[in-house]
Each structure stands twice: as structure tokens, then as C-alpha cells.
Amino acid sequence: MELRELGGTGLRVSAVGFGASPLGNVFGDVPRDTARAAVRRALDLGVNFFDTSPYYGGTISESVLGDCLRHAAVPRDQVVVATKCGRYKDEGFDFSAARVTRSIDESLARLGLDYVDILHAHDIEFTNLDQIVNETIPALQKIKESGKARFIGITGLPLSIYPYVLDRVPPGSVDVILSYCHFGINDTSLVDLLPYLNSKGVGVITASPLAMGLHTDSGPPEWHPAPEQLKSACRAAAEHCSKKGKSITKLAMQYSLMNNEISTVLVGMNSSKQVEENVAAALELSTSGIDEKLLHEVEAILEPVKNVTWPSGIEQS
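Definitions and cut-offs
- Residues numbered from 1 in each chain as written.
- Predicted model: local features only at pLDDT ≥ 70, side-chain atom pairs only at ≥ 80, totals over all residues.
- Heavy atoms only, no water.
- Pairing = 2+ DSSP bridges.
- Helix = DSSP H or I, 4+ residues; strand = E, 2+ residues; numbered from the N terminus.
- Axes fitted to C-alpha atoms, helices over the stretch in contact; angles between N-to-C directions.
- Contact = heavy atoms within 4.5 Å.
- Salt bridge = Lys/Arg side-chain N within 4 Å of Asp/Glu carboxyl O.
- Buried < 20%, exposed > 50% of the residue type's maximum accessible area, 1.4 Å probe, protein only.

As recorded in an unreviewed UniProt entry, the protein goes by the name NADP-dependent oxidoreductase domain-containing protein, listed as coming from Urochloa decumbens.

What follows is the structure, given as C-alpha cells:
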């Protein structure tokens, strides 16, 4: 598995990252032995980056991931573990300094770790961004100084949140950003922001190469917030691939891995089979490249909905 530098952190992360939200049973129950086997298989195949949050499954994802890593008996310095703060299943959003500071201790206890490599403020568009600038990031800096998190980041859907925050905090305050659903076959809008993020020395993680289920044969979950025109076009693209005996999921995964300025692509995984399929897609990309003909056909189907997204968060004053 290819390892890529993550901004200026010095961390080298696998191009395919293990999104651990499914371990919180958010897409259906995952038996513990299945979860352990998935994490073990990921490690064996060279995946070293694992991402979770107290929000996923109401803390279950963190606890299960911690158990899986302990069960795998992997040396701590051979894995990169990220978690988040500020968004909780039962409490909603709380980016206050006090809650963020308490949050990391709770997460470390669940994960069974002394520190995480990255601590993100989770989905910051759901609070006033000035609170993130003036209260949350200073609190995260103190956590970093304490050694409980090596690096800090911010996550969210609207791309406008990143310049807003990064332009208002001291240089070097934020080490990484985690963007989702903005670098895939249907939406490449993150690309326009990469030169800016690079100029700020910020590492870039992207998530949801399958656009939260849009690029699957089974289609997105009922609650998916995408407008109907986007869902419809993605359905047509999946059917087109299927008729040719190809997989839209593999194509979407490979597409998201093609840009080396993005350090790692997080994809939710809950079984050894999913791990093997995603790693195989990455290895095939590095050896024989993407199916260019199929890619062009799919891009043509998705052209009318290119970069169509959906609202997320509160109106920022």
C-alpha cells in the first residue's frame, strides 16, 4: 500500500484509510469477530490510518476500534489514529473549550490509547465559525501541547469553512482538514482549494469516495441529503457500469485515489471482504491504471450534475 506524506505533520499515511464509522453499527450490526478480522486484514494489507469519532454509533465505533487494535497487538507507532470532538449522538454539537477538553479524555479511554495522532473538530459548520476560531482551536492547541493529540484538524461539508477559519487563526494552528463528498467522480470541487491549503501547509484528507452510497449498486440510504437529480444521475451511472460487468464502486474508489495532493482517502469498512476490495482497487490503479473508457462514459452521464452538492450546517452571519 502506497504511503503519502500528510501535509507538514511528518506522518505517512496509507492512500486508503480505514473509516471506522461502520464499526459503530451505523449501517447495520457488525459482530465483534468480524470487526476484529477487518482491522487485522487492513493492517496486513498495509492500511495504517484509522479514523473514528465519538459521534459514530454514539461512542461504539471508538470502543470497537480500540478493541480491534488491541486484539491485533499492533505497535502504537505503526498506526495513525484520528478521532473527533464537538459532535455527539446524544448531546448534539458542543464546541466549547470545556467539552472539547473533556472529550479527548473520554475518547482516549474508549480507544485504550495514551494519545491520538489527529484530533478533529467534527462538522464545524454546525456552530458559529467564530467560536471555532476563538475558542475551539485554542482549546485543541492546549490538548496538542499536553501530548494527548499530536496534530489537530477541522472537518465539515461546505468548503467555505476552511478558508474562513484558516485565514483567522495563527499560521500552523491547524495541521489537517478532512473534507468529504467533494473529491469524487461526481464532485471535484475540492481540487480548486488544494493550492490554498498547500500554501497554508495543511494536510488534506478526503472521505466518502462513494459519496455516502451514491456510487454503489444498491444506491444511497433513504436519508441521503442529495437532491433527486443527483441521485438519479448516479443511479444511471451505476447501471451503466453494471451492464458492462464493471463496478461503479471500484471506479469511484480509484478516481478518488488518483490525486497525490490528497494524502489519504477514507472509506468506511466493516468486513475483511470490503478491505480486500478497496486495497485491490488501489493496487490495480497503481499497476494498470483506471479504466479510462469507462471513466469517460461515467463522467458524461454525471456531467449535468457535476459538483452539485447539498446544504449542511447553520447560516453563518
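Picking up after the structure, the text goes on.
Before going further, it helps to examine the sheet that holds strand 4 (residues 49-51). Read around the barrel, eight strands follow the order 3-4-5-8-9-10-11-12 and close on themselves; strand pairing throughout is parallel. Between one strand axis and the next, the sheet turns through 30° on average, direction left out of account. Across two bridges, the pairing between strand 3 (residues 16-19) and strand 4 is parallel. Each bridged residue has a counterpart across the sheet, and for Phe 18 the counterpart in strand 4 is Phe 50. Sitting on the sheet, helix 4 (residues 129-146) touches strand 5 (80-85), strand 8 (116-121) and strand 9 (149-156), and the angle it makes with strand 9 is about 155°. Lying on the sheet, helix 8 (residues 248-257) is in contact with strand 3 and strand 12 (264-268); it crosses strand 12 at an angle near 155°.

Inspection of the entire model under this criterion finds 23 salt bridges. One salt bridge connects Arg 36 with Asp 67, and the closest N-O pair in it is separated by 2.8 Å. With Arg 36 in helix 1 (residues 32-44) and Asp 67 in helix 2 (residues 60-72), this residue pair connects regions lying 31 residues apart in the sequence. Note on Arg 36: relative accessible area 27%, which makes it partly exposed. Residue classification places Asp 67 among the buried positions, given a relative accessible area of 12%. Across the salt bridge formed by Glu 297 and Lys 244, the nearest N and O atoms sit 3.1 Å from each other. Taken together, the positions of Glu 297 in helix 10 (residues 292-302) and Lys 244 in the loop between helix 7 (228-243) and helix 8 put the pair 53 residues apart, joining distant regions of the chain. Each of Glu 91, Arg 99, Arg 102 and Glu 106 takes part in a single network of salt bridges with overlapping partners.

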